[in-house]
Amino acid sequence: MEWRPRHPPYAAPLDGGPVPGNDSESPRSPDELAPIPSPQARPQVLAPIPSPQARPQGVATLPPPEAGPEGLGSEFVKPGPRPGQCSPMAESRATATNLAGARAAWAEAPEVMDFLDPASPVHDLKVLERALYLEQWASLVPPGGRVLDLGGGIGRFATWCLDRGCTVELVDADARSLEAAARHGAAHGDRLRLHHSRAEALPPIEPVDVVIACELLCYVDDPALVLRRAREVLRPGGVLLASVEAHYGWAMAVDAPAGFVDVVLGNGVLAVPGDRFVRTYTRDTFRDLLAGWQVEKMVMSHFVLSGPFEVVAGEVDLPRLLDLESRFRAHPVLGELGRAIVAVAR
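What comes next is a walk through the structure. (Residues numbered from 1 in each chain as written. Predicted model: local features only at pLDDT ≥ 70, side-chain atom pairs only at ≥ 80, totals over all residues. Heavy atoms only, no water.)

## Observations regarding the overall build of the protein chain
In terms of helices and strands, the protein chain carries eleven helices and nine strands. Classification of the 346 residues of the protein chain by burial places 58% in the buried group. Entry remark: accessible area of the protein chain is about 13800 Å², with carbon and sulfur atoms responsible for 54%. (Helix = DSSP H or I, 4+ residues; strand = E, 2+ residues; numbered from the N terminus. Buried < 20%, exposed > 50% of the residue type's maximum accessible area, 1.4 Å probe, protein only. Areas by Shrake-Rupley, 256 points an atom, 1.4 Å probe, with all protein chains shown as cover.)

## Regarding the state of the cysteines
One pass over the full model with this rule turns up zero disulfides. Counting only cysteine sulfurs, cysteine 161 is the nearest neighbor of cysteine 166, a cysteine outside any disulfide, at a range of 5.0 Å. Assessed through its relative accessible area of 0%, cysteine 166 is described here as buried. Cysteine 218 forms no disulfide, and the closest cysteine sulfur to it belongs to cysteine 214, at a distance of 8.5 Å. (Disulfide = S-S within 2.5 Å.)

## Focus on the environment of valine 264
Turning to its location among the elements, valine 264 is positioned in helix H8 (residues 261-265). For the pair valine 264 and tryptophan 250, spaced 14 residues apart in sequence, the C-alpha separation works out to 9.1 Å.

## Some words on the pairing of strand S1 (residues 146-150)
S1 sits mainly inside the fold: five of its five residues count as buried. Here S1 shows two buried faces, one formed by Arg146, Leu148 and Leu150 and the other by Val147 and Asp149. Here S1 runs beside strand S2 (residues 167-172); their pairing, made up of five bridges, is parallel. By the bridge assignment for S2, aspartate 149 is matched with leucine 170. (Pairing = 2+ DSSP bridges.)

## Some remarks on the sheet that holds strand S8 (residues 295-301)
Spatially, S3-S2-S1-S4-S5-S9-S8 is the arrangement adopted by the seven strands of the open sheet, whose pairing is mixed. Looking at the sheet topology across the chains shown, the edges are occupied by strand S3 (192-196) and S8. Along the sheet, successive strands turn relative to each other by an average axial angle of 15°, direction set aside. For strand S4 (residues 208-214) and strand S5 (residues 234-245), the ladder comprises six bridges, and the chain directions are parallel. By the bridge assignment for S5, valine 208 is matched with leucine 234. (Axes fitted to C-alpha atoms, helices over the stretch in contact; angles between N-to-C directions.)

## Let's talk about the pairing of strand S7 (residues 276-279)
Side chains Arg276 and Val278 of S7 all project onto a buried face; the interleaved residues Phe277 and Arg279 project onto the opposite face, where all are buried too. Here strand S6 (residues 269-272) runs beside S7; their pairing, made up of four bridges, is antiparallel. Bridging across to S7, leucine 270 finds its partner in valine 278. Hairpin geometry of S6 and S7 is characterised by an intervening segment of three residues between the two adjacent antiparallel strands and by a positive phi of about 75° at glycine 274.

## A short note on the packing of aromatic side chains
A complete count under the given rule lists six aromatic pairs for this structure. Ring geometry for tyrosine 133 against tryptophan 137: centres 5.1 Å apart, planes inclined by 10°, an arrangement best described as stacked. Highlighted residues: tyrosine 133 and tryptophan 137, both in helix H3 (residues 123-137), separated by four residues, approximately one helical turn. Residue tryptophan 137 is classed as buried on the basis of its relative accessible area, which comes to 1%. Arranged with centres 5.8 Å apart and planes meeting at 50°, the rings of tyrosine 281 and phenylalanine 286 form a pair that is tilted. The class of phenylalanine 286 is buried, set by a relative accessible area of 0%. Taken together, the aromatic side chains of Tyr133, Trp137 and Phe157 make up a single cluster linked through ring pairs. (Phe/Tyr/Trp six-rings, centres within 6.5 Å; stacked < 30°, edge-to-face > 60°.)

Here it is, written out as structure tokens:
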């Protein structure tokens, strides 16, 4: 799902599991999550949020978004005392386009972009969306294991993994997102390492047990190269947890841009200069991309939240959401209209 705010600004990238962790420092149980209001009921205007408190000890200060990736210099940002090296940030077309969109979104609605903040108006929504991914993936993340989170953003999966005792290497090209990830992961010290880099050009990273590439392969110029880089760092027997925007479900969602019907009828690649680059997939094209991997699971997901049936579903809590997802997935016609395709591969 796309990470940019909508109008009204809510829900952007997806977040997802059967043990749905809350990304704040004090996780709440699913029973404590408030029902998500229907889109019509969501706020039309978001009030400005106050300036952030002082950053946690040991977290570096990043330049403003307009400074661009080069403003980070050669050190990666992490909530710990030791500096490290980051690979050069050579921006591709997709990277440059999506970074421009991200900077605009951070400027327009930072409280939506930083949805791991419990005060965010979309916090509970994003926890539920993440729960859908974790329903498929949670059992495959070994407690205490090493995780590479590619395109990890503000830490929606990294924080969940850290709460399981994992060590996380989070890679992202957006400086503002890394600053937020540093705040959210500060309590975990050296178990979170943040790398300001593109997924196609990873810095040196020790082998990992799990690679997460959630909604990343849709936003890069060369997804096959990203998968090769993931393979290089994945230990033998390790697992790839990946998801992409689904070609038809994406086009039917309430945040799909107007005027791009030719994308739906064509190759599914949307390119809006200075705003967004999105490559959507069908099951077949996603399997083609994963050629050479052993695909253990590939399912449609996110039929409701951020998906084509969000409006008709109305308010949902986690049990209701999981029930609807299961029913949509089993439907002979609607089962192919999820917003996301979720895969497990080795």
